[in-house]
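# Analysis of the macromolecular model
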Amino acid sequence: MTLLPQTRDFLSYLQKNPGMRSRIAAPPNTTLLYAGIFIKPMWQELEQLKHTNRDVASKHLLPDVLARIQTPSQKYPTLLAWAKALDGYMPWKENGFIAWRALSGIFAANAVGTVSFCIGSNVAKGEKVFSATELPVLLRNPNVDALTKDILSYYQRCIQTGDTAINFGFVGG
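This write-up is about the structure you can find in this document. (Residues numbered from 1 in each chain as written. Predicted model: local features only at pLDDT ≥ 70, side-chain atom pairs only at ≥ 80, totals over all residues. Heavy atoms only, no water.)

### A few points about the nonpolar core
If you look at the biggest cluster of nonpolar residues, it comprises 43 residues, and the most contacted ones within it are Ile24, Leu79, Leu103, Phe117, Phe130 and Leu138. Among the secondary structure elements, those contributing two or more residues to this core are helix 1 (5–16), strand 1 (32–35), helix 5 (62–67), helix 6 (79–86), helix 7 (96–109), strand 2 (116–121), helix 8 (129–140) and helix 9 (146–160). With seven residues, the single largest contributor to this core is helix 7. With near-sequence residues (within four places) excluded, Leu103 lies in contact with Phe10, Leu14, Ile24, Leu62, Leu66 and Ala83. With six residues, the next largest nonpolar core counts Leu32, Met42, Leu46 and Leu61 among its residues. (Core = buried A, V, L, I, M, F, W, Y, C linked by side-chain atoms within 4.5 Å. Buried < 20%, exposed > 50% of the residue type's maximum accessible area, 1.4 Å probe, protein only. Helix = DSSP H or I, 4+ residues; strand = E, 2+ residues; numbered from the N terminus. Contact = heavy atoms within 4.5 Å.)

Below is the structure:
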């Protein structure tokens with residue numbers, strides 16, 4: 001594994017700052033997770049929907065949360081800026097992917113109540129943060145509701161059977 005010092009520093013910062021980790025959360029019933037592609041990458045679809053759909057606009061995506069978390073005395077002003085900087089390092093799977101998995105795992109672990117999803121296609125096991133991290137963390141999270149657990153079971157079956165064209169979303173209201 002080629003984990004660069006910059007990635008190690010980031011992971012160490014997260015580990016040493018439990019108060020920071022606790023802020024990587026959405027208010028109850030407003031967590032929205034996404035992965036894959038529908039017509040375009042799901043994050044782009046959601047950015048557009050936030051402008052036209054009140055239900056989607058009321059939800060919190062991980063990048064939105066990270067953009068609000070300041071990182072005083074660090075090289076980057078926010079956790080989002082820091083994570084995006086790690087995206088540029090190669091090999092990506094061992095730097096940017098690891099950083100996003102850490103952040104997404106914390107976000108999923110901090111979810112409470114109903115969790116909303118927009119999951120497209122190309123969601124292969126181990127290739128997307130959702131299937132590699134968010135799904136297993138949410139399945140263990142005792143603070144999410146029964147409806148969320150039912151939806152997670154469906155996603156888990158799809159991924160276990162190799163169905164990468166999930167194309168199923170749910171926006172809790």
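### Regarding unusual backbone geometry
Pro91 follows Met90 through a cis peptide bond whose omega is -5°. Here Pro91 lies in the loop between helix 6 and helix 7. One non-glycine residue, Asn29, adopts positive backbone phi at about 70°. Its place among the elements puts Asn29 in the loop between helix 2 (18–22) and strand 1. Among the residues examined, Asn29 registers a relative accessible area of 38% and is labelled partly exposed. Of note, Ser73 is a non-glycine position whose phi angle comes to about 65°, a positive value. Here Ser73 is to be found in the loop between helix 5 and helix 6. We classify Ser73 as exposed; its relative accessible area is 76%.

### Digging into the packing of helix 6 against helix 7
In a pair of packed helices, the angle between the axes and the distance between the axes together describe the arrangement. Where helix 6 meets helix 7, the axes come as close as 8 Å, and the angle between the chain directions of the two elements is 150°. When the axis of helix 6 is compared with that of helix 7, the two are roughly antiparallel. Each of Leu80, Ala83, Lys84 and Leu86 in helix 6 lies in contact with helix 7, whose residues at this interface are Gly96, Ala99, Trp100 and Leu103. Residues that form the contact of helix 6 with helix 7 fall into these classes: six nonpolar, one polar and one charged. (Axes fitted to C-alpha atoms, helices over the stretch in contact; angles between N-to-C directions. Parallel < 35°, antiparallel > 145°, perpendicular 65-115°, else oblique. Nonpolar A, V, L, I, M, F, W, Y, C, P; charged D, E, K, R; others polar.)

### Description of the environment of Ile106
Among the secondary structure elements, Ile106 is positioned in helix 7. Once the C-alpha coordinates of Ile106 and Asp163 are considered, the two residues, 57 residues apart in sequence, prove to be 26 Å apart.

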